[in-house]
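Here is what each chain is made of, one letter per residue.
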Amino acid sequence: MGVEAGAHAARSRALAVLRIRSRAVAVALLPAAVAVVLLVGGADGRLSGGGWSAARGAVTTVAVVALLCGAGIALVVARARPAVSPTVPVGEKAAPDLYRMVRDLADRLDVPVPSAIALTPDCDSWLEDRTHRAHGRPPRTEGDGPGEAIRGARGIRGRLRAAFRTSGGPGTEDGSRRADAAPVLVIGSPFLWWMRVGELRAVLAPVVAGTGPSAHPDIAAARRFVRGLDAAVAATSAPGRGPLVRAAGAGAGWVARLLLRSCRGHAAEMERGVAAAAAERAQTVDYGVRIVAQEQVGLAYAGWDRLLTRVALPAWRMGRWPSRLDAGVVAALTELSRRDRLAEGFTSRLGERPACDLLEEPGTVDEAASLLAARLFHGGPAEPGPDWAPVAWHEYPEEVVDRKWRADAARLHRVLDALGVHHRPDTSRPDTQGPTLARVLDHLTVPEAERAGHGSPAAGTEDPDPDPGDPPGEGAPGGVPDSALAATEATEVSGAADGADGADATDAGDAGDVVDGIEVLQGADVGGNEDEDEDEDEAGGGSGPAAALAAVLTAEVAREEAAAGPGAAPAAGQQAGPDRDLLEDGMLPLFPLQPPRTGRELLADHVTALVCCAAMDTAGAVPGLDWLDGPTLLLRGKRAADLPPRVRTLVDTGDPGPLRDWLGRSGVRAEKPVRLV
């Protein structure tokens, strides 16, 4: 295992965990040992008499009960299936160059080679033990194995099923060889597309180095024991069982929790020692390159978060899933380098060989990872269909943006109809009949006297007329979303999880890089929205008409999502329902991207959608895709970056002036009917 100080500390902690296991076995066998002594003493006449007979009977009964309980608990722990991360398996035939690079890394580090490689739609990398017999027979690395899951007629169904079953490592049919198999190397798919080959090798060095400590018998046994206890706790807590099974499971779960608490501290210190040993060993390989590559880890993390929340999430809610998310990360970060001088140096590295060239079919792998991302972060169905279809990036504006805006506009007018809000068309002009933007403007407008009397708590938080010289995206309302701010916490958590396998791809010291990348992507001060958030809590839905409309609109959206239900086919504009079986098990979505939107945010989104529909129908505007901000309106070939602040002014204060001025300058006819879904 090496002479690293962390390795010795990890082994000592592993022995402490194994001693706890031995004590638990001793406690279960102690009544049986006492019963044997009493029975032997009674057989040779040394322990005779009525008192000894009663003691023998009582102790024997306790011993039998203890043995049965111990055997039952051991059976539950042994049969419980440890959790496995959903991944896309990659066989050696599908990525020979990637396997060759990992094998070379292992040789340079003098550690065992990972048994297989899998991809995860996240910016992280780690080692994962998949040698438990409940995970099935380990596939071959040099045969078709997991590589076949990336091929196939349509490729989607097989890949997802294989991803949720796991991509185990090579081995034989002999169960004794299973325990000796090295862990699986799980690589974040965004790394393969954004990083260069040398950067990926440097980042994976401490991850691959973790296979050395993982191969030590004591550490491997301690990990199996802890994983078994954790799986047993989860198995005994599962609902939907009979009262007898539930009572027995409660007892086994209590014992498993007690043992887990007893060895928790030792297990944590063991993993820290393993991580320290792996990091120390990896310092001899590409250490200087790794320091530079960690900057790309933080940037990829922020870009991936922005792409999921701003670009992919609207498509998922429309029943479409972008089939090239990893390629979208490259486009998003390249766009960032074009806009912001802080990222000028990032595109200079794009001339080097990207790590995705290590794959034989990068497009197919990207498709599988994109579908898995939709499944994990949104709970989408496992198979494509008419209401859950892939969408290419060039189809995104028409298939997602246009349909989303028109569906939101239609919902807004349905709510106005339910509220009894009647539009006042111009009777002298028959072309003003139908749903119009003017109807919404008239309803949300608050008289100037009322605005002056009540004030506008949120009016001063945004500039309705940003500087035309600002780069696109600046001056728009909003700041860093909760999911982006959570990236710093996720970095620390993922770092701890990686340390558990001696594989920390993003060191805790690089959390600042992630924060810097997020701030650059957002183009806004992280702390600049605290007052606005407080004002939102105080203002509720905005002005009087806006508050009532936001409340009814929120209820309508909730009803539509509830009507869709788990696994149901979504109607146009409704959110695609997650897979029923996995949702009932509480599995999906594993990582929800955003909290529910407030009523005012929902109303502002719907009003913006209606304005965009009116601009497309009357002013020749077209829907577009912005890699950093998601759906956008292109007016005369330029992004309408100054539209959202004016809509927020209308919703917050009831003042339609800024928005009407924008409509006049842009040539948008508010009185003209718009085409709805």
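All residue numbers refer to positions counted from 1 along the written sequence of the respective chain. Selection of residues for local features in this predicted model requires a pLDDT of at least 70, selection of side-chain atom pairs for listing and counting requires 80 or more, and totals for whole chains, interfaces and linings are taken over all residues. By convention in this description, side-chain values take in all heavy atoms of the structure and omit both hydrogens and water.

Caption draft 1: Representation of the packing of helix α11 (residues 287–317) against helix α12 (residues 325–339) within the structure. Only the contacting stretch of a helix is used when fitting its axis, a line to C-alpha atoms as for every element, and angles between N-to-C directions run 0 to 180 degrees. Helical segments are the DSSP runs of H or I of at least four residues, strand segments are the runs of E of at least two, and each set is numbered from the N terminus. As a packed pair, α11 and α12 sit with axes 9 Å apart at the nearest point and diverge in direction by 115 degrees. With respect to the hand of their crossing, α11 and α12 are arranged in right-handed fashion. Between α11, through L299, A300, G303, W304, L307, L308, A312 and W316, and α12, the contact on the second element is made entirely by L325, D326, G328, V329, L333 and L336. Note on residue classes: Ala, Val, Leu, Ile, Met, Phe, Trp, Tyr, Cys and Pro are nonpolar, Asp, Glu, Lys and Arg are charged, and everything else, Gly too, is polar. Residues that form the contact of α11 with α12 fall into these classes: eleven nonpolar, two polar and one charged. Handedness of a crossing is defined here by the sense of rotation of the near helix relative to the far one, left-handed for an anticlockwise turn of less than a right angle and right-handed for a clockwise turn. Contacts were defined at the residue level, with two residues in contact if any of their heavy atoms lie within 4.5 Å.

Caption draft 2: Here's a closer look at the environment of V622. With respect to the helices and strands, the residue V622 is situated in strand β7 (residues 622–626). Taking C-alpha positions, V622 is 10.0 Å from R639, a pair spaced 17 residues apart along the chain.

Caption draft 3: How the structure looks around the pattern of salt bridges. Between Lys or Arg on one side and Asp or Glu on the other, a salt bridge is scored when a side-chain nitrogen of the former is within 4 Å of a carboxyl oxygen of the latter. All chains considered together, the criterion is met by 26 salt bridges. Of the charged contacts, one joins D218 and R11 as a salt bridge, the two residues approaching to 3.2 Å between their closest N and O atoms. With D218 in helix α9 (residues 217–236) and R11 in helix α1 (residues 5–43), the pair connects residues that are 207 residues apart, well separated along the chain. The residue D402 makes a salt bridge to R406 at a minimum N-O spacing of 3.2 Å. Here the residue D402 and the residue R406 both occupy positions in helix α14 (residues 396–418), the gap between them amounting to four residues, near one helical turn. Across the pair, R406 and D402 agree in class, each one buried. It is possible to trace a salt-bridge network through shared partners that takes in R306, R310, D626, D629 and R639. The classification of residues rests on relative accessible area computed with a 1.4 Å probe and restricted to protein chains. Under 20% of the type maximum is buried, over 50% is exposed, and intermediate values are partly exposed.

Caption draft 4: A look at α1. In this model, α1 (39 residues) spans 55 Å end to end at C-alpha, consistent with the 57 Å of a helix rising 1.5 Å per residue. Where α1 bends most, the angle comes to about 40 degrees, and this point is L29, followed within four residues by the proline P31. In the stretch just after α1, G45 is the one whose phi turns positive, near 85 degrees. Helix span, as expected, comes to 1.5 Å for every residue beyond the first. Note on bend: the value at a residue is the angle between axes fitted to the seven residues ending there and to the seven starting there.

Caption draft 5: Local environment of the packing of α1 against α9. Two elements in contact, α1 and α9, have axes whose closest approach is 8 Å; the angle formed by their N-to-C orientations is 50 degrees. As summarised for this structure, α1 and α9 are arranged oblique, according to the angle between their axes. Of the two elements, α1 crosses α9, and the hand of that crossing is left-handed. Here A10, R11, A14, L15, V17, L18 and R21 of α1 come into contact with α9, specifically with D218, I219, A221, A222, F225 and V226. Considered class by class, the residues forming the contact of α1 with α9 number ten nonpolar, no polar and three charged. The scheme is simple: roughly parallel for angles under 35 degrees, roughly antiparallel for over 145, roughly perpendicular for 65 to 115, oblique for anything else.

Caption draft 6: Layout of the confidence of the model for the protein. Within a predicted model, pLDDT stands for the predictor's per-residue confidence, ranging from 0 to 100. Per-residue pLDDT for the protein has a mean of 76; in total, 70% of the residues score no lower than 70. Throughout residues 455–541 the model reports pLDDT below 50, and contacts reaching past four residues in sequence, or to other chains, amount to 147 contacts. Of the regions scoring below 50 in pLDDT, residues 566–586 engages in 49 contacts with residues more than four places distant in sequence or in other chains.

Caption draft 7: Structural view of the nonpolar core. In this text, buried Ala, Val, Leu, Ile, Met, Phe, Trp, Tyr and Cys residues form a nonpolar core when linked through side-chain atoms within 4.5 Å. The biggest cluster of nonpolar side chains holds 121 residues, and the ones touching the most others in it are L200, W316, L603 and L633. Sort the elements by how many residues they give to this core and α11 lands first, with 13 residues. Core analysis: the second largest hydrophobic core is formed by 25 residues, A222, V226, A252 and C263 among them.

Caption draft 8: Representation of the sheet that holds strand β4 (residues 184–188) in the model. A pair of strands counts as paired when DSSP detects no fewer than two bridges linking them. The strand order across the open sheet formed by four strands is β1-β2-β4-β3, and the pairing between neighbours is mixed. The open sheet has two edge strands with one neighbour each: β1 (88–90) and β3 (125–128). Ignoring strand direction, the axes of neighbouring strands in this sheet form an average angle of 30 degrees.

Caption draft 9: Broad picture of the packing of aromatic side chains. Two rings belonging to Phe, Tyr or Trp (six-membered ring only in the last case) form a pair when the distance between their centres is within 6.5 Å. Interplanar angles under 30 degrees mark stacking, angles over 60 mark edge-to-face geometry, and anything in between is tilted. Throughout the structure, instances matching the rule amount to two aromatic pairs. Where W393 meets Y396, the ring centres are 6.0 Å apart and the plane angle is 45 degrees; that geometry is what we call tilted. Residue W393 is classed as buried on the basis of its relative accessible area of 15%. The exposure class assigned to Y396 is buried, which follows from its relative accessible area of 0%. Between W393 and W627, the aromatic rings sit 4.9 Å apart at their centres with planes inclined by 75 degrees, giving edge-to-face as the arrangement. Linking W393 in the loop between β6 (389–391) and α14 with W627 in the loop between β7 and β8 (630–635), this pair joins segments that are 234 residues apart in sequence. An aromatic cluster of three or more residues is present, and its members are W393, Y396 and W627.

Caption draft 10: Spotlight on helix α22 (residues 599–618). Given a rise of 1.5 Å per residue, 20 residues ought to cover 28 Å, and the 29 Å separating the end C-alpha atoms of α22 matches this to within 8%. Judged by how many residues are buried, α22 sits mostly within the fold: 15 of 20 residues are covered. Of the residues one or two after α22, G620 is the one with positive phi, at around 75 degrees.

Caption draft 11: Just the state of the cysteines, in detail. Here, the term disulfide refers to a pair of cysteine sulfur atoms separated by no more than 2.5 Å. On inspection of all chains with the given rule, the structure shows zero disulfides. Here C612 stays unpaired: no disulfide links it, and the sulfur of C613, its closest cysteine neighbor, is 7.0 Å away. The exposure class assigned to C612 is buried, which follows from its relative accessible area of 2%.

Caption draft 12: Inspection of the environment of A94 at higher detail. Inspection of the secondary structure puts A94 in the loop between β1 and α3 (96–109). Its relative accessible area of 6% is what places A94 among the buried residues. As for A94 and V365, which are separated by 271 residues in sequence, their C-alpha atoms are 9.1 Å apart.

Caption draft 13: Structural detail: the sheet that holds β8. The antiparallel open sheet is built from three strands, whose spatial order is β7-β8-β9. Two strands close off the open sheet at either side, each with one partner strand: β7 and β9 (638–639). The pairing of β8 with β9 spans two bridges and is antiparallel. Among the inter-strand pairings, L635 is bridged to a residue of β9, identified as K638. Where α11 meets the sheet, it contacts β7 and β8, and its direction lies at approximately 90 degrees from that of β8.

Caption draft 14: Up close: the pairing of β8. Summarising the sheet, β7 and β8 pair through five bridges and their orientation is antiparallel. Considered in β8, the bridge of P623 is made with L633. Where β7 folds back onto β8 in an antiparallel hairpin, the turn is made up of three residues. Counted between consecutive antiparallel strands, the loop separating β8 from β9 contains two residues, among which R636 sits at a positive phi close to 55 degrees.

Caption draft 15: Region of interest: unusual backbone geometry. Positioned with a positive phi, D110 is a non-glycine residue whose angle comes to about 60 degrees. What makes D110 exposed here is its relative accessible area of 63%. You will see that R636, though not glycine, has its phi angle at about 55 degrees, which is positive. Within the secondary structure, R636 is located in the loop between β8 and β9.

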